[in-house]
Amino acid sequence: MTCHVEQLLAKAQLAPTAPYTESDLDAAEERLAVRVAARLTPCDVLSDRPALPARRPIPAASGRTPEQYGADLNTMCEVILNRPDALAHLLDFLARCVPEPHGATVLGGILHLTGAEDSARFWWQYAAGAGDQPAAYCLYLHHQAQGEDVEARWWYRQSDLARPPMNEEHTELERAIALRVLQRLRQERSFTHTVLSVLDYVPAAVSFIDDDVELPLPDADFTDRVHALLAVARDAHRRRTPPTKPLPERKRSREAEAEAEASDRPDPRSLPA
């Protein structure tokens, strides 16, 4: 036996209305877009998760311009590439079952400095999704340099940068000042010959495998080629470095030689009569 509510619903009818016009549909889409932009992050739009509560805005960091964010990103990439373990991470990048996140961050830095912005962004997104904090901060700087504030806020909040141990505004300002100081101290890029050889090779070795899918992958022999480049760089460094010579023995003074000779002579008192 159906309940009373089901009986009422069975008799329900839609009231006749005039068909929607193109202007009605455009206005509805515009209203929805405004609501989505105000309430959801980019990830929320792509998924079916409920809207998150409003959050504090990212600190302005003393009003940096997009050009300044771009300069800060260049400095950040140079810092990543000059770390002692940077090339080791790059070698481990494709040595495992899945690409290694820290190696993806290094690869993104190389691609950014050589002008491959789309490929750099892809690998930073990969690394940041795996929890790599430098990659998340690179994405924050990248989107700020592009004037994409919504995307920049999203990546800022995916990292621990949004929850610093001290005042958030002061902390972000300190990061900006640190990058600015590094720019002044290093007016020109200063890379080792090994890093420069990798910078020359990598951009040509990474390309999109499909016109419809943004998936920039390195060549199949990527790791072997990087190994070879590092070996050549090490050999060149050995040839440029002169071999170390053993230190010459110190010449003994005349007094020391006389004492040594005297000690070698037998004691006359010990000789037989």
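Preceding block: the structure.
All figures in this text were calculated on a predicted structure; none of them were measured in a lab.

Conventions we followed
Residues numbered from 1 in each chain as written. Predicted model: local features only at pLDDT ≥ 70, side-chain atom pairs only at ≥ 80, totals over all residues. Heavy atoms only, no water. Patch = residues over 30% accessible without salt bridge, like charges linked within 9 Å, V, L, I, M, F, W, Y side chains within 5 Å. Areas by Shrake-Rupley, 256 points an atom, 1.4 Å probe, with all protein chains shown as cover. Salt bridge = Lys/Arg side-chain N within 4 Å of Asp/Glu carboxyl O. Lys, Arg positive; Asp, Glu negative; His and termini not counted. Charge placed at Lys NZ, Arg CZ, Asp CG, Glu CD. Helix = DSSP H or I, 4+ residues; strand = E, 2+ residues; numbered from the N terminus. Buried < 20%, exposed > 50% of the residue type's maximum accessible area, 1.4 Å probe, protein only. Axes fitted to C-alpha atoms, helices over the stretch in contact; angles between N-to-C directions. Parallel < 35°, antiparallel > 145°, perpendicular 65-115°, else oblique. Contact = heavy atoms within 4.5 Å. Nonpolar A, V, L, I, M, F, W, Y, C, P; charged D, E, K, R; others polar. Phe/Tyr/Trp six-rings, centres within 6.5 Å; stacked < 30°, edge-to-face > 60°.

Enquirer: I keep staring at a negative patch on the surface and nothing clicks. Help me out?
Expert: On the surface, Glu22, Asp24, Asp26, Glu29 and Glu30 cluster together to form a negatively charged patch. Position of Glu22 among the secondary structure elements: in helix α2 (residues 22-39). Of the residues examined, Glu22 reaches a relative accessible area of 59% and is grouped as exposed.

Enquirer: Honestly, the packing of helix α6 (residues 101-113) against helix α11 (residues 193-205) in this entry has me stumped. Any pointers?
Expert: At their nearest, the axes of α6 and α11 sit 9 Å apart, and the two run at 90 degrees to each other. By the angle between their directions, the pair α6 and α11 is classed as roughly perpendicular. Across from Leu107, Ile110 and Leu111 in α6, the residues of α11 making contact are Val198, Leu199, Val202 and Pro203. When grouped by side-chain class, the residues that make up the contact of α6 with α11 number 7 nonpolar, no polar and no charged.

Enquirer: Please clarify how the pattern of salt bridges should be interpreted in this entry.
Expert: Tallied over the full model, the rule gives 4 salt bridges. Between Asp72 and Arg64 there is a salt bridge, with its nearest N and O atoms 2.6 Å apart. Like Asp72, the residue Arg64 is buried in the burial classification. Among the ionic pairs, Asp85 bridges to Arg83, the shortest N-O distance being 3.4 Å. On the accessibility criterion, Asp85 (28% relative accessible area) is partly exposed. On the basis of relative accessible area, Arg83 is assigned to the partly exposed category, the value being 48%.

Enquirer: When you look at the packing of aromatic side chains in this model, what are you seeing that I'm missing?
Expert: Any two aromatic rings considered together are summarised by their centre-to-centre distance and by the angle between their planes. All chains considered together, the criterion is met by 9 aromatic pairs. Ring geometry for Tyr69 versus Tyr140: centroids 6.1 Å apart, planes at 80 degrees, classification edge-to-face. With a gap of 71 residues between them, Tyr69 in helix α4 (residues 66-81) and Tyr140 in helix α8 (residues 133-145) connect regions that are remote in the sequence. By relative accessible area, Tyr69 is classed as buried at 5%. Note on Tyr140: relative accessible area 0%, which makes it buried. Ring centres of Phe93 and Trp123 lie 5.1 Å apart, and the angle between their planes is 85 degrees; on these two criteria the pair is classed as edge-to-face. Of this pair, Phe93 sits in the loop between α5 (86-92) and α6 while Trp123 sits in helix α7 (residues 117-129); the two residues are 30 residues apart in sequence, bridging distant segments of the chain. The two residues Phe93 and Trp123 agree in class, both being buried. Here a set of aromatic residues connected by ring pairs shows up, and it is made of Phe93, Phe122, Trp123, Tyr126, Tyr201 and Phe222.

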